[in-house]
Amino acid sequence: MAVTSFFSVPFARFRLPDAAPLNAELRDLILAREKEGARWRNPQSNMNIPNGLFESNFELFLWPERCIQQLYEFCMNQLFSVVGEVNGYTRDRLMQLELKCHAWFHVTRRNGQFNAHNHPMASWSGVYCVQSGTSDAGESKSGVLHFQNPHQHAGMFIDPANEHMIDAYTSKGRNLVLSAGDLVLFPSWLFHEVFPFHGDDERITIAFNCWFNERDPALNRFKWSGPPSWRTWRSIQIARRKT
């Protein structure tokens, strides 16, 4: 007899090495932009933004500041490594992909939360934690990133034969407690939410959505050496704008 797992959902979690200096720069920049209010706020959010939460516009990865560009490169390098692994792509195949994305920041204060949603116009999404915030004592779910189980009918009938199944087969959702420097990547179709934050400081995160096209064959004239990285794909975009 063999028991196997169908319908698995890929997740990837990374940690930025020596993240503290970069996170300090990101925190200062983000809080400064939050203070400017409407200039950086998302003007057309399709979600209800509650009190205690500030959502920026979706152009964060276009900011030229060094700390943003460093994070940009880290996130994209990890994403391409995941895309390659789960699709079985070679380096040459990855080089044929053209990435597009948008990104934004959230600053969450006491009682701020973000309701369940997904990102239907993208293939991969990510969340990077700049500052986890200090939660009140006893608030173990404060600011938790929760993923709903996509097996919608799995809880239709619960009895002793299925209520204690191991993680690979459970019908329960998953909670992730992010620490500063953590990056999580997941399929954009998966519903997720952020539980209310209970603390006196700020929870700061950067989120992004990505989607891919086949690269224009005309760009095959560009030759690259070394391992693929986000700088390679970004250079392709710069080259394309110049031609």
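As shown above, the structure is provided for reference.
Computed from a predicted model, the values in this text were never measured in an experiment.

Participant: Would you explain the packing of aromatic side chains in this entry?
Facilitator: In this structure the tally under the stated criterion is eleven aromatic pairs. Aromatic side chains Trp63 and Phe105 sit 6.2 Å apart centroid to centroid with 70° between the ring planes, which places their arrangement in the edge-to-face category. Taken together, the residues span a long stretch of sequence, with Trp63 in the loop between β2 (53-55) and α2 (66-87) and Phe105 in strand β3 (residues 97-108) at a distance of 42 residues. Its relative accessible area of 0% is what places Phe105 among the buried residues. Consider the rings of Phe80 and Phe212, whose centres lie 5.7 Å apart with planes at 90°: the pair is edge-to-face. Taken together, the residues span a long stretch of sequence, with Phe80 in helix α2 and Phe212 in strand β10 (residues 203-214) at a distance of 132 residues. Exposure remark for Phe80: the relative accessible area of 5% places this residue in the buried category. Among the residues examined, Phe212 registers a relative accessible area of 21% and is labelled partly exposed. Among the aromatic residues, those joined into a cluster by ring pairs are Trp40, Phe54, Trp63 and Phe105.

Participant: Please explain the environment of Leu79 as it appears in this structure.
Facilitator: Along the chain, the position of Leu79 falls in helix α2. Taking relative accessible area as the criterion, Leu79 reaches 0% and is therefore assigned buried. Leu79 sits 105 residues away from Val184 along the chain, and the two C-alpha atoms are 9.6 Å apart. Beyond its immediate sequence surroundings of up to four residues, Leu79 is in contact with Leu99, Trp124, Leu185, Cys210 and Phe212.

Rules and cut-offs
- Residues numbered from 1 in each chain as written.
- Predicted model: local features only at pLDDT ≥ 70, side-chain atom pairs only at ≥ 80, totals over all residues.
- Heavy atoms only, no water.
- Phe/Tyr/Trp six-rings, centres within 6.5 Å; stacked < 30°, edge-to-face > 60°.
- Helix = DSSP H or I, 4+ residues; strand = E, 2+ residues; numbered from the N terminus.
- Buried < 20%, exposed > 50% of the residue type's maximum accessible area, 1.4 Å probe, protein only.
- Contact = heavy atoms within 4.5 Å.

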